[in-house]
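Understanding the architecture of this molecule
Here's the letter readout for the chains.
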Amino acid sequence: MMHMVAETQGTSIGANIANGSFNYFGSSIQTEVVLDGSAIPFPQLDFGIGNAEFAVTMPFLASDDPETFGLKLALENLRLPEIAWMMIDPTGQMAHDPAALKFDISGDMMLDVDLTNPQDMMDLSDDKMPLFPTDLALNELFLSIAGATLSGTGNATFIDRDDVKEAQLPLKTGQAT
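First, a word on scope: everything that follows refers to the structure included in this document. Computed from a predicted structure; not experimentally measured. (Residues numbered from 1 in each chain as written. Predicted model: local features only at pLDDT ≥ 70, side-chain atom pairs only at ≥ 80, totals over all residues. Heavy atoms only, no water.)

**Examining the nonpolar core**
Put simply, the test is: Buried Ala, Val, Leu, Ile, Met, Phe, Trp, Tyr and Cys residues that are joined via side-chain atoms within 4.5 Å together make up what is termed a nonpolar core. Burial classes: relative accessible area under 20% of the type maximum marks a residue as buried, over 50% as exposed, and values in between as partly exposed (1.4 Å probe, protein chains only). Elements are defined by DSSP. Helices are runs of H or I of four residues or more, strands are runs of E of two residues or more, and each kind is numbered from the N terminus. Contacts are assigned to residue pairs that have any heavy atoms within 4.5 Å of one another.
Judged by nonpolar contacts, I49, A52, L75, L78 and A99 together constitute the single largest core of five residues. Of all elements in the fold, only β4 (44-59) and β5 (63-79) reach the threshold of two or more residues within this core. Once residues lying within four places of it in the same chain are set aside, the contact partners of A99 are L75, E76, N77, L78, S144 and I145.

Okay, here's the thing in structure tokens:
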């Protein structure tokens, strides 16, 4: 058995469907969570997240033109439970400041089938991908934990769909910093 109590000062969640694309998003501020019970090997776990955001954008209808997709996740001021710090840093030499993670990618893709049509999905052959990315952007990568920080951005352009069979990798060009 596990018991969980969560409290937040504000949460929003939403979705919209327009022009053959689905967008699902949400956010939460000042979330505190406490877990206890026999299902966890510790007496109690408590952690907090100052700000959390997510967003997913995905086309779902077939199109001859590239359509936008995206994925975003942000966790700011993530306070880890003390038991986690005891496992990660048993000698107490790292900074135990709140952590942060931000990950944001977007790009364009071609979709060959309507994802809402089960027959289209069943008719796919094993060697055919129903979707094909044309470009990808790493808009933001940021990780801060235990006094260390990692950040980056990048982009990639994929090979033309007709050249997939001859190519070793689907990347045409790419860059990351």
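**A short note on the pairing of strand β3 (residues 21-36)**
Stated precisely, the cut-off is as follows: Any two strands with at least two DSSP bridges between them are considered paired.
Relative to β3, strand β1 (residues 3-7) runs antiparallel, the two sharing five bridges. Of the residues in β3, the one forming a bridge with A6 is V33. Strand direction decides the pairing type here: strand β2 (residues 10-18) and β3, joined by nine bridges, are antiparallel. In the sheet register, S12 faces β3, and the bridge partner there is S27. Hairpin connection, β2 to β3: the antiparallel pair is bridged by two residues, and N19 has positive phi, about 55°. Note that β3 and β4 share 15 bridges and pair antiparallel.

**Here's the deal with the pattern of salt bridges**
In plain terms, the rule: In what follows, salt bridge is the name for a side-chain nitrogen of Lys or Arg lying within 4 Å of a carboxyl oxygen of Asp or Glu.
Under the counting rule described, the total for this entry stands at four salt bridges. One salt bridge in this structure joins E32 and R79, with 2.4 Å as the shortest N-O distance. Here R79 lies in strand β5 and E32 lies in strand β3, a separation of 47 residues in the sequence. Given the relative accessible area of 31%, R79 is considered partly exposed. A salt bridge links D46 to R79; its shortest N-O distance comes to 3.5 Å. In this pair, D46 sits in strand β4 while R79 sits in strand β5, placing the two residues 33 residues apart along the sequence. Here the salt bridges do not stand alone but share partners, grouping E32, D46 and R79 into one network.

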